[in-house]
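Each chain, letter by letter, is given below.
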Amino acid sequence: MNIEELLKKQKEFYQSGKTLSVKFRIQMLLKLYKCIKKYENEINEALKKDLGKCEFDGFVCETGLVLMELNYMIRYTALYAKKHRVYTPIGQCIGSAYKKASPYGNVLIMSPWNYPFLLTMTPISDAIASGNTIIVKPSAYSPATSEIIKKIIEECFPPEYVAVITGGREENKELLKQKYDMIFFTGSQTVGKEILHKAADDLTPVVLELGGKNPCIIDSTAKIKLAAKRIVYGKFLNCGQTCVAPDYVICHSSVKDEFVKELSKQIKTQYGDNVLENSEYGRIVNEKHFNRICNLIDEDKVVFGGEKSIDKLKITPTVMDNVTWEDKVMLEEIFGPVLPILTFDTYEELYSLFADKPKPLALYIFSEDKKNIDRTIEKCSFGGGCVNDTIMQIAINSFGFGGVGESGMGSYHGKAGFDAFSHEKSIHKKVTWFDFPVRYNPHNNKLFKFLSHLYMR
């Protein structure tokens, strides 16, 4: 079945009304949950093959989070799909008003390679809960995971309901020639712009989950040892190939040397003395990205790490000090295990600096000063973040996850995920046993004045 024919079949399936049933949606979510549990070992093997992920990271950062999202949607789909009454102003009180979530229809989900199972199956779960039919295009850079995703989806659903298209650029081009009711894309800003351009031709709504250079602030009041420990975890997880990882640290000059020293200790503690042989430390996805990351490293500024193995596609956790904004490592999103350290002296300096930079997907601040924490969160524009931790905001279902400006548009996870794949209809239901005469010609000025006073109350 070609893509055009598949899309036609999916639109017909949606028009049948089957996905509008909340009972059907929950049954499908349960079916997907059980199937993922069934293939958990194969999922871990695929993640190991594509990215060198250990079993622990495969579950905690991918499969476990998908199962958590499915559990959430199984529990709350019926609630979110209900009518929700809203306040009716006095001038419209002879009637009722409510909101009702309605699925978009047929959606296209395009996912990336860095968390290939999580970032494919989570939006699928949200789209099913919202009542859509779905075409999924996983990344060609993670072929083993794409195959297990395809296997799971084909076992759970007929293609006219949920279908997986594998392949590379040609398949992407063919997919983007078609008209969808909504497009959900996770990936780079460059491809995100292309998706947005294609969607504009048909005025198709989109959610773009992109990335950016996420700052991590460490001020003079921070608990340095704990900050280093948590930053090492968040930065070097998945070899830095995480869209919400701290891209760089900007550290108060008074504690910078102490932080760099503690950072080196924490890398050794968490990854050992021979990281290239550590089986729990993953690898760069392919040679192209390996070479790109290596090109960002200035050997003269490396103060820790920097070892590389092109055969294993591994770069050890690397710390660069005395970095400037003009260095290559600061001119693009790193998306790898390289952590540049910059310094600042005042928060006003920081705010002025961030105001001129693209808006990041995440911001992290390590501080014991509540005033500065609150002011930073208020003044800086970013998608989401943590205070005194890194990346853990993505593990909370009640948060919407998404960027702002250059780091993306729209959000998902939990209720935000249900909303992302739904249109909210606003319905005003009027009674037929009474009709206000004031709105009809000829107008009664006395009655109009009386009603105007009511509206102002």
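Residues numbered from 1 in each chain as written. Predicted model: local features only at pLDDT ≥ 70, side-chain atom pairs only at ≥ 80, totals over all residues. Heavy atoms only, no water.

Draft legend 1. Highlighting the state of the cysteines. Across all of its chains, the model carries zero disulfides by this definition. Not part of a disulfide, C61 finds its nearest cysteine sulfur in C54, a span of 8.3 Å. Among the residues examined, C61 registers a relative accessible area of 8% and is labelled buried. Sulfur of C243: no disulfide; nearest cysteine sulfur belongs to C61 and is 12 Å away. Of the residues examined, C243 reaches a relative accessible area of 15% and is grouped as buried. (Disulfide = S-S within 2.5 Å. Buried < 20%, exposed > 50% of the residue type's maximum accessible area, 1.4 Å probe, protein only.)

Draft legend 2. Just the side chain of T122, in detail. Looking at where T122 falls in the secondary structure, it is placed in helix α5 (residues 118-130). Taking relative accessible area as the criterion, T122 reaches 2% and is therefore assigned buried. The residues contacting T122, other than those within four sequence positions of it, are V66, E69, Y412 and H413. (Helix = DSSP H or I, 4+ residues; strand = E, 2+ residues; numbered from the N terminus. Contact = heavy atoms within 4.5 Å.)

Draft legend 3. Expanded view of the packing of aromatic side chains. This model, assessed by the stated rule, comprises 15 aromatic pairs. Judged by centre distance (5.4 Å) and plane angle (80°), the ring pair of Y248 and W325 falls under edge-to-face. Of this pair, Y248 sits in strand β9 (residues 248-252) while W325 sits in the loop between β13 (318-320) and β14 (338-344), and the two are 77 residues apart along the sequence. With relative accessibility at 3%, the residue Y248 sits in the buried group. Between Y347 and Y351, the ring centres sit 5.9 Å apart and the planes meet at 40°, which makes this aromatic pair tilted. (Phe/Tyr/Trp six-rings, centres within 6.5 Å; stacked < 30°, edge-to-face > 60°.)

Draft legend 4. Here's a closer look at the sheet that holds strand β4 (residues 133-137). Taken in spatial order, the six strands of this open sheet run β5-β4-β3-β6-β7-β17, and their pairing is mixed. At either end of the open sheet lies a strand with only one pairing partner, and these are β5 (162-164) and β17 (408-409). In terms of strand pairing, strand β3 (residues 106-110) meets strand β6 (residues 182-186) through four bridges, oriented parallel. Along β6, the bridge assignment pairs M110 with F185. Lying over the sheet, α5 contacts β3, β4 and β6, oriented at roughly 170° with respect to β4. (Pairing = 2+ DSSP bridges. Axes fitted to C-alpha atoms, helices over the stretch in contact; angles between N-to-C directions.)

Draft legend 5. Looking closely at the nonpolar core. Counting residues in hydrophobic clusters, the biggest one holds 119 residues, and the most contacted among them are L32, I36, M121, I152, I218 and F259. The element contributing the most residues to this core is helix α4 (residues 55-81), with 10 residues. Ranked by size, the runner-up nonpolar core spans 18 residues in total, among them I3, V206, L208 and L210. (Core = buried A, V, L, I, M, F, W, Y, C linked by side-chain atoms within 4.5 Å.)

Draft legend 6. Spotlight on the environment of V260. With respect to the secondary-structure elements, V260 resides in helix α10 (residues 256-271). Separated by 141 residues in sequence, V260 and F401 have C-alpha atoms that sit 30 Å apart. In this structure V260 touches V303, D321 and I341, once residues within four positions along its chain are discounted.

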